[in-house]
Amino acid sequence: MQATITARALSAALATVKPALPRKHVLPACQYVRLAADGGQVAVTSTNLDMAITATARADVGEPGIVVVEGRALTNAVGAVKGTPALTLTSNGDGIRIAHPGGTLAVDGIPADKYPPTLALDGEPVSLDGQALRRAIERTAFTAATDDSRPVLACLLFENRDGAVRLAAADG
């Protein structure tokens, strides 16, 4: 993988995926982020196994590829060169090398096949009014279970059928 991206764009993508990036996890691979460079963009993904978040940023991709690196270390490295106009990301074995005008940084990684799989969503995308979605969640979320002993009951079901989005939850 090789891509050139602005520090601001990469920093924004990392900030977007941060809520799914746990500090500690029983599966250490969840403390890593997946960078996939292809088609003029870099997609940054993090997961804590309960949720996954992907953010994309425009980039000049010289060589498509995937690298999985330690999330907090990458965030700190990008933060250290935040004012830099362009960063060149190059996969380096299981890690990444970040070249910038002031030097080079390295962030360790793991083999891409060790990163937990994330669900691929299928179906047609749906556009929703933010306020309407907020009201629907507020009217439904209180019925979801708060006990983690049965995680399936601590969720909301979003169903898109007949041109309408329906939400449902149950606690037992």
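Residues numbered from 1 in each chain as written. Predicted model: local features only at pLDDT ≥ 70, side-chain atom pairs only at ≥ 80, totals over all residues. Heavy atoms only, no water.

1. Things to note about unusual backbone geometry
Here is step 1 of the chain: Of note in this structure, Leu49 is not a glycine but carries a positive phi near 80°.
Here is step 2 of the chain: By secondary structure assignment, the location of Leu49 is in the loop between strand S3 (41–47) and strand S4 (52–58).
Here is step 3 of the chain: A relative accessible area of 48% means that Leu49 is categorised as partly exposed. (Helix = DSSP H or I, 4+ residues; strand = E, 2+ residues; numbered from the N terminus. Buried < 20%, exposed > 50% of the residue type's maximum accessible area, 1.4 Å probe, protein only.)

2. Topic: the sheet that holds strand S1 (residues 2–5)
Here is step 1 of the chain: In spatial order, the strands read S5-S1-S7-S8-S9; together these 5 strands make up an open sheet with antiparallel pairing. On the outer flanks of this sheet lie strand S5 (60–63) and strand S9 (103–107), each paired with one strand and no other. Between one strand and the next, the sheet's axes are offset by a mean angle of 20°, whatever the strand orientation.
Here is step 2 of the chain: As paired strands, S1 and S5 are joined by 3 bridges and run antiparallel to one another. The partner of Gln2 across the bridge, within S5, is Glu63.
Here is step 3 of the chain: The strands touched by helix H2 (residues 71–80) are strand S7 (87–92), strand S8 (95–100) and S9; relative to S9, the strand with the most contacts, the crossing angle is about 165°. (Pairing = 2+ DSSP bridges. Axes fitted to C-alpha atoms, helices over the stretch in contact; angles between N-to-C directions. Contact = heavy atoms within 4.5 Å.)

3. A word on the pairing of strand S11 (residues 157–161)
Here is step 1 of the chain: Relative to strand S12 (residues 164–168), S11 runs antiparallel, the two sharing 5 bridges. In the strand pairing of S12, Phe158 is matched with Leu167.
Here is step 2 of the chain: Count of turn residues in the S11/S12 antiparallel hairpin: 2 residues, of which Asp162 carries a positive phi of about 55°.

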